[in-house]
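These are the residues of each chain, in order.
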Amino acid sequence: MVKTSPGAADTAAEEELILSGSEESAALAAPVSDAAAEKENMARIKKIGHVPWKKDFKTNWVIYCLFLPVLVWLILFHYLPIGFSIPLAFKDYKDHLGIFNSPWNGWENFKYLFTGGGVGGSEFLLALRNTFAIGGLNLTIGFIVPVLFALLVSQLRFKKYKRVCQMLSYLPNFVASVVIVQIMQNLLDRDGALTMMFHNLFGAPNTNWLADDTPAFWGWYILFSVWQGFGYGSITYVSAISNISEDLYEAAAIDGANRWQMMWKITLPGIMPLILMLWLLQIGVVFKVGFDRTFLLYNASTNADVCDTLFSYTMRMTLNGNLGIATVSSLFQSVVGTVLMLFGNWISRKSAGVSMF
Amino acid sequence: MKESTSQQQVQLSPEEKLAYLRAHPRKIKSGMVRGKSVGSVIADIIIVLLVGALALVAIIPMWHVLMSSFSDGRSIFYYSGIAFVPEGGFTFRAYEELFSFEDGLIWTGYMNTILYVIGTLAVGLVLNVLAGYCLSRKTKLGGVMSALCVFTVIFSAGQGPTFYVVDMLGLTQTRFAVILTECTMGMYMIIGAMAFRSVPEETVESAKLEGAGHLRIMFSIMLPQCFSLFMVTVLFTFVAAWNSFIGARLYNAGITDLYPLQLILQRIKESSDRVASQIGNANWARYPMQFAGVIAATLPIMVIMPFFQKQLESGALGGAVKG
């Protein structure tokens, strides 16, 4: 994950994408050794550069052969779809005609995306709005709660109790989307437990919230996202907090700081770089991740206006056989997602010195 | 000792103090009175209760489902609250209904899910290991190979074109569509490369001198040494494959015989909800069947997960970034 020297990061295609917690903590602890390893790596690469192609093939042909299955897989399921996006996007794709005989229709698919569609205008624009709304809530509430939970958990002194609570808190993360949706439907029904709870406590109307065409839907959606993710999301922070030097707390204790002050002045600043980094990286996936439940919850006659997202829209278009529209929508989603990802990554590298690529 | 230490400290700047503390850790420990005051004890109690409450919140919905699945159908249908105990007496009726639903449709779901999980894990692991080994070796094309993997992390074509290609390859309406599209991703290949890089180069060199070929080096010398790093990808692939429904919904739409458990669950839910609309001659045991289905689909994962707590925690950063 961690690329400490920004200069080396730009050297083409030498990926260093470390995404495991242990690596992370190791890198946080020892950025110097990481940089040294990187330099060594670059020196190695340079040396290889001088080997003539013929000799390289003679020694490494087995490796290239071993890579063939991977290459075939990458081409079939990643590069071929990317290649076919272009004709699909600009054609009026008809299943019975096939891609070569379907007529070209210029920018019609794009036009349809932004103007046509639903009864009241473009379904796609609504889906875009909802994606931004849910994604935005994910980036704020969905991001803050795990941090707060980690701060709380790290204050616990009973090790056993801490382990058990953490374990329980991240069980929901492994529950299937289909199951989460069924639980949502059960609890938020007209006489569901959550609906009744909010009705009795705050006087909220007891309606079927998931069939409700108001932005309250986003609130419920994010509530369940937070429920599902807060425990697992907090693990990284908990381990980062436990890596903060005990000396700092001791020094503060001698100065007479209380726990509250220590949390604000030591713990939080201590994990701030990590928080910032994860937030910036989260920006990159905010368009792509966490929307599969909208596809399951979508109901054309009740909650279409607030539930439809780019994911569910694209899924629906694909299933309906509107591959042209689906492709344009996917393309839009991918391009915006990629731009956001590179942007978040770039800022993260500039400000915190860490990045994914 | 205590007094003298703290009095000394008052005069020191923070840097000096830290240096002093590092040099004399023992001295300070004796003077430490962290969290022994009344306020601190109260804070401790509040924190313990709060964290406990949040941990409960995390599992209460699942508990509600579990208890609902053991409840009497009519009672749980008219009950509007969290079921902490089985409503209307403990019964297994819901599970009987579940396993006899449409001639044991759920077993089809189990079988398909298991096939998908095994296929996904096997193909995914082979691809990850091959890619990881190739990317970790010094070759002239190494940069190109890793660029090919990294690019798929940054940019993807999306469901529409992928569906087109899978259909074009004739894979739709087969299990291979789900297995091949969901078996791995660029990210896991890169993790694989890192795993192989963690093996000391001397090990590989000495194996080469003894005449071991690439396959031998990869599978019987390097892989056993770094398999713990692959474990994260295996676990995530397993969870994702068990919970997956998108692939089957997209590529095998309408073919119940190829549906995994998750899609069968949806069928069960729809059928069980129909009870609500035909009050009068309703088969009430059908209603809690949906809860029994959820438990049947979730229990295997919930049972397995605690054994892998350590690996899951080490993979948490990847999960956080990936979402």
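As the structure is a prediction and not an experimental result, all values here were calculated from the model.

(A) Region of interest: the overall build of chain B. Check the secondary structure of chain B and you find 18 helices and zero strands. For chain B, the residues scored as buried account for 53% of the 323 residues in total. Counted over contacts in chain B with a minimum sequence separation of 6, partners at least 24 positions apart contribute 69%. Accessible area for chain B stands at about 14300 Å²; split by element, carbon and sulfur atoms hold 64% of it.

(B) Spatial organisation of the overall build of chain A. Secondary structure summary: chain A contains 17 helices and zero strands in total. Residues counted as buried form 52% of the 357 residues belonging to chain A. A separation of at least 24 residues holds for 62% of the contacts in chain A among residues at least 6 apart in sequence. Summing over all exposed atoms, chain A offers an accessible surface of approximately 15800 Å²; the carbon and sulfur share of this is 67%.

(C) Local environment of the side chain of T195(A). All names here are of chain A. In this fold, T195 is placed in helix 10 (residues 193–202). Of the residues examined, T195 reaches a relative accessible area of 0% and is grouped as buried. Side-chain polar atoms of T195 contact the backbone oxygen of L188, separated by 3.3 Å. The contact partners of T195, leaving out residues within four places of it in the chain, are L187, L188, D189, R190, P205, N206, T207 and W209.

(D) Geometry of the nonpolar core. Counting residues in hydrophobic clusters, the biggest one holds 176 residues, and the most contacted among them are F174(A), Y237(A) and F196(B). The element best represented in this core is helix 11 (residues 216–242) of chain A, accounting for 15 residues. Not counting residues up to four positions away in its chain, the partners in contact with F196(B) are V129(B), G132(B), Y133(B), S136(B), R137(B), M218(B), M222(B), L223(B), C226(B) and F230(B). Counting residues in each nonpolar core, the second largest holds 20 residues, with F124(A), A127(A), L128(A) and I283(A) among its members.

(E) Inspection of the interface of chain B and chain A at higher detail. Contacts between the two partners involve 117 residues from chain B, matched on the other side by 118 residues from chain A. Where chain B abuts chain A, roughly 10700 Å² becomes buried across the two surfaces, and 73% of that area is made up of carbon and sulfur atoms. Inspection of the chain B/chain A interface yields two salt bridges. A salt bridge links R259(A) to D44(B), with the shortest nitrogen-to-oxygen separation between them at 3.1 Å. If you look at where chain B meets chain A, you find 20 residue pairs in polar contact (both at pLDDT 80 or more). Sort the elements by how many residues they give to the side of chain B that touches chain A and helix 4 (residues 38–69) of chain B lands first, with 17 residues. Looking at the side of chain B that touches chain A residue by residue, the class counts come to 74 nonpolar, 30 polar and 13 charged.

(F) Looking closely at the packing of helix 11 of chain A against helix 13 (residues 259–285) of chain A. All names here are of chain A. At a closest axis distance of 9 Å, the pairing of helix 11 and helix 13 adopts a crossing angle of 140 degrees. Judged on the interaxial angle alone, helix 13 and helix 11 are oblique. Here helix 11 and helix 13 pass one another in a crossing that is right-handed. Residues T236, Y237, A240 and I241 of helix 11 form the contact with helix 13, whose participating residues are T267, I271, L274, I275 and L278. Considered class by class, the residues forming the contact of helix 11 with helix 13 number seven nonpolar, two polar and no charged.

(G) Focus on unusual backbone geometry. Residue and element names in this part refer to chain B. With phi around 45 degrees, E102 is a residue other than glycine that occupies positive phi space. Counting through the fold element by element, E102 comes out in the loop between helix 6 (93–100) and helix 7 (105–136). Using a relative accessible area of 41% as the deciding quantity, one classes E102 as partly exposed. Of note, the phi angle at Q173 is positive, near 65 degrees, even though the residue is not glycine.

(H) Examining the pattern of salt bridges more closely. Inspection of every chain in the model, using the stated rule, returns 12 salt bridges over all chains. K94(A) is the salt-bridge partner of D92(A), the closest N and O atoms lying 3.0 Å from each other. Given a relative accessible area of 33%, K94(A) falls into the partly exposed group. With a shortest N-O distance of 3.5 Å, E108(A) and K111(A) are connected by a salt bridge. Pair noted here: E108(A) and K111(A) are both in helix 6 (residues 108–115), with a separation of three residues, about one helical turn. With a relative accessible area of 41%, E108(A) lands in the partly exposed category. For K111(A), a relative accessible area of 52% puts it in the exposed group. One network of salt bridges, with partners in common, ties together R93(B), E96(B), E97(B) and R286(B).

(I) Structural detail: the packing of helix 7 (residues 123–155) of chain A against helix 16 (residues 310–319) of chain A. Residue and element names in this part refer to chain A. The contact between helix 7 and helix 16 brings their axes to 8 Å, and the two run at 145 degrees. Here helix 7 contributes E123, F124, A127, L128 and T131 to the contact with helix 16, which in turn contributes L310, Y313, R316 and M317. Looking at the contact of helix 7 with helix 16 residue by residue, the class counts come to six nonpolar, one polar and two charged.

(J) Inspection of the packing of aromatic side chains at higher detail. Across all of its chains, the model carries 42 aromatic pairs over all chains by this definition. Ring geometry for F70(B) against Y95(B): centres 5.5 Å apart, planes inclined by 35 degrees, an arrangement best described as tilted. Taken together, the positions of F70(B) in the loop between helix 4 and helix 5 (73–78) and Y95(B) in helix 6 put the pair 25 residues apart, joining distant regions of the chain. Look at Y95(B) and you get buried, because its relative accessible area is 12%. When the centroid spacing of 5.0 Å and the interplanar angle of 90 degrees are considered together, the rings of F77(B) and Y287(B) count as edge-to-face. Remark: Y287(B) occurs in the loop between helix 15 (261–277) and helix 16 (289–304) and F77(B) occurs in helix 5; sequence separation between them is 210 residues. For the pair shown, F77(B) and Y287(B) are each scored as buried. Three or more aromatic residues link up through ring pairs in this structure, and these residues are F77(B), Y78(B), W284(B), Y287(B) and F291(B). The ring centre of W104(A) lies 4.7 Å from the NZ or CZ of K91(A), which sits over that ring. Directly above the ring of W53(A) sits K140(B), whose terminal nitrogen or CZ lies 4.6 Å from the centroid.

(K) Inspection of the environment of N283(B) at higher detail. Residues and elements named next belong to chain B. The residue N283 is located in the loop between helix 15 and helix 16 in this model. Overall, N283 belongs to the partly exposed group, its relative accessible area being 34%. Discounting residues that sit within four places of it in the chain, N283 has contacts with R93, E97 and V275.

The rules behind these values
- Residues numbered from 1 in each chain as written.
- Chains lettered and ligands numbered in written order.
- Predicted model: local features only at pLDDT ≥ 70, side-chain atom pairs only at ≥ 80, totals over all residues.
- Heavy atoms only, no water.
- Helix = DSSP H or I, 4+ residues; strand = E, 2+ residues; numbered from the N terminus.
- Buried < 20%, exposed > 50% of the residue type's maximum accessible area, 1.4 Å probe, protein only.
- Contact = heavy atoms within 4.5 Å.
- Areas by Shrake-Rupley, 256 points an atom, 1.4 Å probe, with all protein chains shown as cover.
- Polar contact = N/O pair within 3.5 Å; in protein donor to acceptor, adjacent residues only side chain to side chain.
- Core = buried A, V, L, I, M, F, W, Y, C linked by side-chain atoms within 4.5 Å.
- Buried area = accessible area lost by both parts, 1.4 Å probe.
- Salt bridge = Lys/Arg side-chain N within 4 Å of Asp/Glu carboxyl O.
- Nonpolar A, V, L, I, M, F, W, Y, C, P; charged D, E, K, R; others polar.
- Axes fitted to C-alpha atoms, helices over the stretch in contact; angles between N-to-C directions.
- Parallel < 35°, antiparallel > 145°, perpendicular 65-115°, else oblique.
- Left-handed = near helix turned anticlockwise from the far one by under 90°.
- Phe/Tyr/Trp six-rings, centres within 6.5 Å; stacked < 30°, edge-to-face > 60°.
- Lys NZ or Arg CZ within 6 Å of the ring centre and 35° of its normal.

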